[in-house]
Amino acid sequence: MAIGKSRAAAAAACLAFTTGAAGQVKLEQRLPEVTVRPAPLPQSPYGPDEGYQAARSTTATKTDTPLLETPQAVTIVTRERIEDQGAQNLQDALNYAAGVRSDAYGLDSRSDNVRVRGAYPDEYRDGLRRMVGYYTSNTRTEPYTLERIEVLRGPSAMLYGQGSTAGIINMVSKRPLVEPLREIGVQLGNYNRKQIQADLSGPLDAEGQWLYRLVALGRDSDTQVDYVDDDRKVVAPSLTWRPSAATSLTLQALWQDDHSGSTSQFFPFKGVVLPNPNGRIPTRRFVGDPDKDRYDSERKELGWLSLRGPTIRAANCTRRASTCRTRCGSATGSSSSACGGIGRRTASKARPTKSIAPPRAAARSCTCSTAAWRPT
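Residues numbered from 1 in each chain as written. Predicted model: local features only at pLDDT ≥ 70, side-chain atom pairs only at ≥ 80, totals over all residues. Heavy atoms only, no water.

Participant: Sorry, what's going on with empty space enclosed by the protein here?
Facilitator: Counted under the stated rule, the structure contains two cavities of 30 Å³ or more. Approximately 130 Å³ is the volume attributed to the second largest cavity. Put simply, the parts of the chain that give the lining of the second largest cavity at least two residues each are β12 (210-220), β13 (230-244) and β14 (247-260). When its residues are assigned to classes, the lining of the second largest cavity shows five nonpolar, four polar and six charged. (1 Å grid on protein atoms, 1.4 Å probe; cavity = no way out; pocket = protein on both sides within 12 Å on 5 of 7 lines; lining within 4 Å. Points joined across faces, edges and corners; volume = space filled by probe spheres on them. Helix = DSSP H or I, 4+ residues; strand = E, 2+ residues; numbered from the N terminus. Nonpolar A, V, L, I, M, F, W, Y, C, P; charged D, E, K, R; others polar.)

Here it is in structure tokens:
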């Protein structure tokens with residue numbers, strides 16, 4: 001009897017253990033699933049950015065550095081912010097940038113006059129200077145070709161050489177994307193504005209070693225001043241070769257042709273703001289000769305950008321050759337290109353012709369062409 005009772009107790013214990021094990025297995029099957037996802041790639045210092053906030057930049061240090069670790073004041077206007085503001089030029093895009101007065105000179109169809117901390121900053125594109133000397137050495141930038149606009153407030157001569165104490169405005173061009181992009185848009189607006197634009201990008205092969213991007217725009221528009229147009233044609237292709245994840249070479253080109261005039265008519269104070277015995281002067285009034293008074297410009301750029309190293313940190317070198325031509329009324333204006341060469345400049349409209357030629361400067365007939373290379 002004792003042996004039978006012990007066997008019965010052992011059987012009951014085994015049954016209880018089996019039941020507990022089954023219950024434990026059943027409990028483990030109810031545990032929630034765990035999903036493992038790869039960590040997102042760090043944000044590129046050249047864009048594209050998501051939203052209005054950018055995290056990294058190369059403008060202040062010429063290295064891929066987070067803005068939180070950058071010991072200088074930098075404001076970045078992203079692509080999405082430019083579009084949401086409906087910016088039609090650089091001045092519109094910088095309306096809400098800290099420490100920037102984007103309408104310092106008022107409305108002017110010839111150039112983008114911006115002040116930073118009360119002074120005129122230097123204008124750069126992809127890390128290379130665009131304007132040298134007089135404003136006729138530059139053309140207005142089309143914001144549709146830009147990925148972001150970076151404002152570095154304060155002097156930066158240690159990185160960029162002699163420049164303004166206000167700082168610099170660096171415009172970053174759109175570059176080829178890994179993900180396909182197909183965008184075509186049409187704009188209609190005041191003053192008979194008609195514009196068509198396209199932005200195409202993506203890989204050229206299955207491996208993604210070759211990427212392309214094509215940005216094009218055509219506009220036919222008037223302005224609020226009679227006989228002053230705002231016509232523009234832009235084509236900006238780019239091609240990227242990526243032999244590895246840490247090495248790439250990007251070829252960039254730009255052609256821009258503008259046909260415009262001067263919206264600054266220099267009216268007298270009496271007649272526009274104060275009363276005038278001869279009546280009020282409408283702000284749309286054109287005081288020049290429509291057949292001769294014009295401001296046409298053409299810009300051609302060709303450059304390359306290389307990224308290489310164990311990790312993509314920053315551009316090792318950038319080269320850009322630029323040719324610009326400006327025609328101002330019956331007079332002709334030209335100067336050295338934005339890349340920093342030496343050229344010849346003549347006076348713009350409404351002034352007596354005056355030549356200003358630096359020493360050893362070769363005379364160029366309304367044409368400027370130089371190239372610049374800077375390590376970064």
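Participant: Explanation requested: the nonpolar core in the structure shown.
Facilitator: Among soluble globular proteins, nonpolar side chains are generally buried collectively. Ranked by internal contacts, the top residues of the largest apolar core, which has 16 residues, are I82, L94, V100, I149, V151 and I169. Broken down by secondary-structure element, the contributors of at least two residues to this core are α3 (90-93), β8 (146-153) and β9 (167-173). Element by element, the count of residues in this core is highest for β8, at three residues. The contact partners of I82, leaving out residues within four places of it in the chain, are V77, A87, A93, P143 and I149. (Core = buried A, V, L, I, M, F, W, Y, C linked by side-chain atoms within 4.5 Å. Buried < 20%, exposed > 50% of the residue type's maximum accessible area, 1.4 Å probe, protein only. Contact = heavy atoms within 4.5 Å.)

Participant: How should the pairing of strand β6 (residues 122-125) be read in this particular structure?
Facilitator: Every other side chain in a regular strand lies on the same face of the sheet, so the side chains alternate between the two faces. Residue alternation in β6 divides its side chains into two sets, D122 and Y124 and E123 and R125, and both sets are buried. The sheet contact formed by β6 and β9 spans four bridges and is parallel. Following the sheet pairing, R125 is matched in β9 by M171. Summarising the sheet, β6 and strand β7 (residues 128-129) pair through two bridges and their orientation is antiparallel. Its bridge partner lying in β7, Y124 is registered against R129. Taken together, β6 and the strand that follows it, β7, pair antiparallel across an intervening segment of two residues, in which D126 is found at a positive phi of about 55 degrees. (Pairing = 2+ DSSP bridges.)

Participant: What is the right way to look at the packing of aromatic side chains in this model?
Facilitator: Any two aromatic rings considered together are summarised by their centre-to-centre distance and by the angle between their planes. Counting across every chain of the model gives three aromatic pairs. A ring pair is formed by W210 and W241, whose centres lie 6.0 Å apart and whose planes are at 25 degrees; its orientation type is stacked. Remark: W241 occurs in strand β13 and W210 occurs in strand β12; sequence separation between them is 31 residues. Ring geometry for Y227 against F286: centres 5.8 Å apart, planes inclined by 65 degrees, an arrangement best described as edge-to-face. With a gap of 59 residues between them, Y227 in the loop between β12 and β13 and F286 in the loop between β14 and β15 (295-307) connect regions that are remote in the sequence. (Phe/Tyr/Trp six-rings, centres within 6.5 Å; stacked < 30°, edge-to-face > 60°.)

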